[in-house]
Amino acid sequence: MIRRSIHGSKQKYGKEKYGKNNENGSSRQNTGGGTRGRQCSSRRGGGNSRSGPGTCSYSRNPGGAQKENHVRCVRSSPVYSKAIAKDESYDVRVIVPLYQDIKKEFRKDFKFIGNIFVPLSWRNQYCGIFEYEKDNVRFYFVDNEYYFKRPGCYGYYDDGERFAFFCRGVMEILSFLNFYPDILHCHDWQAALAAIYLKTIYCFRPEYQFIRSVFTIHNIEYQGKYSLDILEDLFGISNRYRYLVEYDRCINLMKGAIECSERFSTVSPTYAGEIKDPYYAHGLDPIIRRNEFKLCGILNGIDVDYYNPKTDKSLFANYDAENLSNKAVCKEELQRMLNLPVKPDTPIIAMITRLVAHKGLDLVREVIEQVLRQDVQFVLLGTGDSAYENYFSDLARRYQGKVVSIISFNSDLSRKIYSGADLFLMPSKSEPCGLSQMIASRYGTISIVRETGGLRDSIRPYGAGGNGFTFHDYNAYDMLYVINEALGVYRDKNAWTALQKKAMETDFSWATSAKYYEGLYLGMLK
């Protein structure tokens, strides 16, 4: 993203404020007000900087002329920010709420740089600001204990107020920091109000006038719907802008962000096409189609340093694509740990998933017992709807020695399963991007996926020289056919080893995605 000349000047807006650092990484807070993570970046030396909830911005210096970009994200990935920040001509910044669950090992290094008060309708809420820098990315944490000193990030009755405070706080923090980005990148409905506030309130201030916004949809099912009665009282948006956010007789924050942003994107190219269809769009397809000239899809990536079987300390043994011998050790130890018969030639089919309907579990339930008639073992890790939890727990009781169901969330165990399994099953009904299939491939475990969303964009069929197995229709017996195809290839050890190497060498890094985002940002600034 490139900053306009007004943003590249030495002018400074706002007034700097500083305060004492609090040893425990939190500052005094008043009730009311909250926001959710964002990233932003600006051109270095521009004298202006801005950050917002879930925003990331960066600046570029081609040919000596510094250019600046800013992106706001609610669920922004630190790895994505790091990928862009590798180019030192960009100033990348991230703003997130100071959630209670942030680990103390990071919190101890936070620096309190000051506080402001955030206007939100009739409220005037305290907002402390902490700073932290890592991998050339500067993070800001928005502190308000009334909103954020609670377990988890969202899912509370007052999420509308919490994230309205966060988004308004992000916009106010920009002037505190004297940082005004060229691009503000907002992710999902929790950060949608930042894009809306930019076009309804802050665009009338000269220092905000050249900021452009991008809005990314991670899952269109969650749109941020509220009663129109609270438009002014809670969100602080004048009724004259009601047309921007009104949809289906209520406030729809995702719709508002799409209308207000210069561009909007999804987390995979296929999903960008799918959400134009009523089957996938959860009622928002008319808005998507009306604005499709602004739409693009960019596939997410994973942190290939974090998910690295060569260095991962959670594994029973380390290995890489050049030497896969220790993957057999991981499989053997996984079988021992889960009390499965140790059979090196018996394939392990794994699922690590949320146990909810759109993950394709009804397909699994329909044909899994036919799969289990063969010489296979099945391992499931996940939590979710009680109906699925009970079904897979019962399946494990009925097929002892062949099936293990762990109804839990366990990051360490998930790594052991990724490395010890042979096949990874992911038959989702819809999947905006999906990361599990990428992680499995990184660990040499071959994915079986339905061709939807990011699954289609990341896993190519084996028969066409790809890195996994796929099926198109949402049909249990199509899935069964592909599972049997995969088991057939598994028995050909030379073909299987070649397929494992191809999967492990597939580039799922954020570096590729970052280049596409860079092109998107620069295109917005032409």
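Here the structure is shown first, and the text comes after it.
Described in the following lines is the structure provided in the data block. What you are looking at is a predicted structure, and each value in this text was computed from that prediction instead of being measured. (Residues numbered from 1 in each chain as written. Predicted model: local features only at pLDDT ≥ 70, side-chain atom pairs only at ≥ 80, totals over all residues. Heavy atoms only, no water.)

Focus: the packing of helix H18 (residues 476-490) against helix H19 (residues 493-505)
For clarity, the cut-off: Think of each axis as a best-fit line through the C-alpha atoms, taken over the contacting stretch in the case of a helix, with angles from 0 to 180 degrees between the N-to-C directions. Only DSSP runs of H or I covering at least 4 residues are called helices, and only runs of E covering at least 2 are called strands; the numbering of each starts at the N terminus. Relative orientations are named as follows: roughly parallel for angles under 35 degrees, roughly antiparallel for angles over 145 degrees, roughly perpendicular for angles from 65 to 115 degrees, and oblique for any other angle. Only heavy atoms enter the contact rule, under which two residues are in contact if any of them lie within 4.5 Å. Classification used: nonpolar for Ala, Val, Leu, Ile, Met, Phe, Trp, Tyr, Cys and Pro, charged for Asp, Glu, Lys and Arg, polar for all others including Gly.
Two elements in contact, H18 and H19, have axes whose closest approach is 7 Å; the angle formed by their N-to-C orientations is 110°. Relative to H19, the element H18 is oriented roughly perpendicular. Residues Ala 486, Val 489 and Tyr 490 of H18 form the contact with H19, whose own contacting residues are Lys 493, Ala 495 and Trp 496. Here the contact of H18 with H19 is built from residues that sort into five nonpolar, no polar and one charged.

What to know about the sheet that holds strand S18 (residues 423-426)
Just so we agree on the cut-off: A pair of strands is considered paired only if DSSP assigns at least 2 bridges between the two.
Reading across from one edge, S17-S16-S15-S18-S19-S20 is the order of the six strands in this open sheet, with parallel pairing throughout. Because the sheet does not close on itself, it has two edges, and the strands there are strand S17 (403-406) and strand S20 (469-471). Averaged over all pairs of adjacent strands, the angle between strand axes in this sheet comes to 15°, irrespective of strand direction. Of the pairings in the sheet, the one linking S18 to strand S19 (residues 446-450) comprises four bridges and is parallel in character. Bridge pairing in S19 places Met 426 opposite Val 449.

A look at the environment of Tyr 280
Our working definition: Burial classes follow relative accessibility: with a 1.4 Å probe on protein chains only, a residue under 20% of its type's maximum area counts as buried, one over 50% as exposed, and anything between as partly exposed.
Considering the arrangement of structural elements, one finds Tyr 280 in helix H10 (residues 278-281). On the accessibility criterion, Tyr 280 (13% relative accessible area) is buried. Considering only alpha carbons, one finds Tyr 280 and Lys 429, 149 residues apart in sequence, at a separation of 9.5 Å. Setting aside residues no more than four positions away along its own chain, Tyr 280 makes contact with Ile 220, Glu 274, Ile 275, Lys 429, Ser 430, Arg 450 and Thr 452.

Let's talk about the packing of aromatic side chains
Counted only if it meets this: Each Phe, Tyr or Trp ring (for Trp, its six-membered ring) is paired with any other whose centre lies within 6.5 Å, and the angle between the two planes then decides the class: stacked below 30 degrees, edge-to-face above 60, tilted in between.
Within this structure, the stated rule accounts for 23 aromatic pairs. Geometrically, the ring pair formed by Tyr 306 and Tyr 307 is edge-to-face, given 4.9 Å between the ring centres and 80° between the ring planes. Assessed through its relative accessible area of 46%, Tyr 306 is described here as partly exposed. Where Tyr 391 meets Phe 392, the ring centres are 5.1 Å apart and the plane angle is 80°; that geometry is what we call edge-to-face. A single burial state applies to Tyr 391 and to Phe 392, both of which are buried. Aromatic rings pair up to connect Tyr 99, Tyr 146, Tyr 147, Phe 148 and Phe 165 into one cluster.

Quick notes on unusual backbone geometry
Located in the positive-phi region is Asn 136, a residue other than glycine, with phi close to 65°. Along the chain, Asn 136 turns up in the loop between strand S6 (123-134) and strand S7 (137-143). For Asn 136, a relative accessible area of 26% corresponds to the partly exposed category. A positive phi angle is found at Asn 178, which is not glycine, with a value near 55°. Within the secondary structure, Asn 178 is located in the loop between helix H5 (159-177) and strand S8 (183-187).

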